[in-house]
Amino acid sequence: MKGTLRKLRRLGLLGGIVLAASLPAAAASIPITGNITTSTTWTADNEYLLETVIYVTNGATLTIEPGTVVRGWPDSMTPGTNDPGTLVITRGSKINALGTGLKPIVFTNIDDDNIGSNPGSFPYDSPEDALSVTGTWGGLILLGRTYVANNTTTGPNASREVQIEGL
């Protein structure tokens, strides 16, 4: 009897080890605190945390693999600063981010837990509740070359530039 119990315990332990080995590893959280000035790839086995406004500059290309999660922190609340976690692709730089239906690239805030197979907790548990969540990060901004028609009485002006709202 003792031999049988010992075998069952060993099998139970072995089963736990096999189960643990078959579970996907938790994504590492990679804080992003500085501008991206050389071509870089963000991989799906990590989560990227935008701690402030991050600019892709200098003609660099940011490649983001399918299934990658990018999270933005809210504004630091330092008086006079507007620095929420934001990804800004500047003129002449590029973003290559091709998610798929099975492996979408997710851009969201730091608190959103409705990712992958996790159903999320309030307010991320339903689209209706999530609509109430605003201003929690800066988003993804693509800067290009086009006309600015805001506050121009004679029409678009090719030489006019404006600031990014909120930054």
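For the structure itself, consult the block above.
Below or above, wherever it landed, is the structure these notes cover. (Residues numbered from 1 in each chain as written. Predicted model: local features only at pLDDT ≥ 70, side-chain atom pairs only at ≥ 80, totals over all residues. Heavy atoms only, no water.)

## Quick look at the overall build of the chain
Inference 1: Of the regular secondary structure elements, the chain holds two helices and ten strands.
Inference 2: The order of helices and strands in the chain, counted from the N terminus, is α-β-β-β-β-β-β-β-β-β-α-β.
Inference 3: Here the chain holds 167 residues, and 25% of them are scored as buried.
Inference 4: Pairs at least 24 apart in sequence give 53% of the contacts found in the chain among residues at least 6 apart.
Inference 5: Accessible area for the chain stands at about 11200 Å²; split by element, carbon and sulfur atoms hold 56% of it. (Helix = DSSP H or I, 4+ residues; strand = E, 2+ residues; numbered from the N terminus. Buried < 20%, exposed > 50% of the residue type's maximum accessible area, 1.4 Å probe, protein only. Contact = heavy atoms within 4.5 Å. Areas by Shrake-Rupley, 256 points an atom, 1.4 Å probe, with all protein chains shown as cover.)

## Points about the sheet that holds strand 6 (residues 69-72)
In sheet architecture, strand pairing relies on hydrogen bonds along the backbone and comes in two forms, parallel and antiparallel.
Inference 1: With respect to topology, four strands assemble into an open sheet ordered 1-3-6-9, the strand pairing being parallel. Since the sheet does not close on itself, it has two edges, and those belong to strand 1 (28-32) and strand 9 (106-109), each with one partner. Each neighbouring strand pair of the sheet contributes to a mean axis angle of 25°, computed without reference to strand direction.
Inference 2: Judged from the four bridges that link them, strand 6 and strand 9 form a sheet pairing that is parallel. In the sheet register, Val69 faces strand 9, and the bridge partner there is Val106. (Pairing = 2+ DSSP bridges. Axes fitted to C-alpha atoms, helices over the stretch in contact; angles between N-to-C directions.)

## Description of the packing of aromatic side chains
Given two aromatic rings, their pairing is described by the distance between the two centres and the angle made by the two planes.
Inference 1: All told, the structure shown has one aromatic pair when counted by the stated rule.
Inference 2: Arranged with centres 4.7 Å apart and planes meeting at 10°, the rings of Trp42 and Tyr48 form a pair that is stacked.
Inference 3: A relative accessible area of 3% means that Trp42 is categorised as buried.
Inference 4: Among the residues examined, Tyr48 registers a relative accessible area of 5% and is labelled buried. (Phe/Tyr/Trp six-rings, centres within 6.5 Å; stacked < 30°, edge-to-face > 60°.)

## What about the nonpolar core?
Inference 1: If you look at the biggest cluster of nonpolar residues, it comprises 14 residues, and the most contacted ones within it are Trp42, Leu50, Val56, Leu62 and Leu87.
Inference 2: Sequence-distant contacts of Leu50, that is, excluding residues within four places in its chain, are made with Ile32, Trp42, Val70, Arg71, Gly72, Trp73, Gly85, Thr86, Leu87 and Trp137. (Core = buried A, V, L, I, M, F, W, Y, C linked by side-chain atoms within 4.5 Å.)

## With respect to the pattern of salt bridges
If charged atoms from side chains of opposite charge come close, those side chains can pair.
Inference 1: Counting across every chain of the model gives one salt bridge.
Inference 2: With a shortest N-O distance of 3.1 Å, Glu47 and Arg71 are connected by a salt bridge. Here the residue Glu47 occupies a position in strand 3 (residues 46-50), and Arg71 occupies one in strand 6, the gap between them amounting to 24 residues. (Salt bridge = Lys/Arg side-chain N within 4 Å of Asp/Glu carboxyl O.)

## Focus: the sheet that holds strand 8 (residues 94-97)
Inference 1: One open sheet holds the three strands; their spatial order is 2-5-8, and the pairing between them is parallel. Because the sheet does not close on itself, it has two edges, and the strands there are strand 2 (40-42) and strand 8. On average, each strand axis in the sheet is inclined to that of its neighbour by 15°, with strand direction left out of account.

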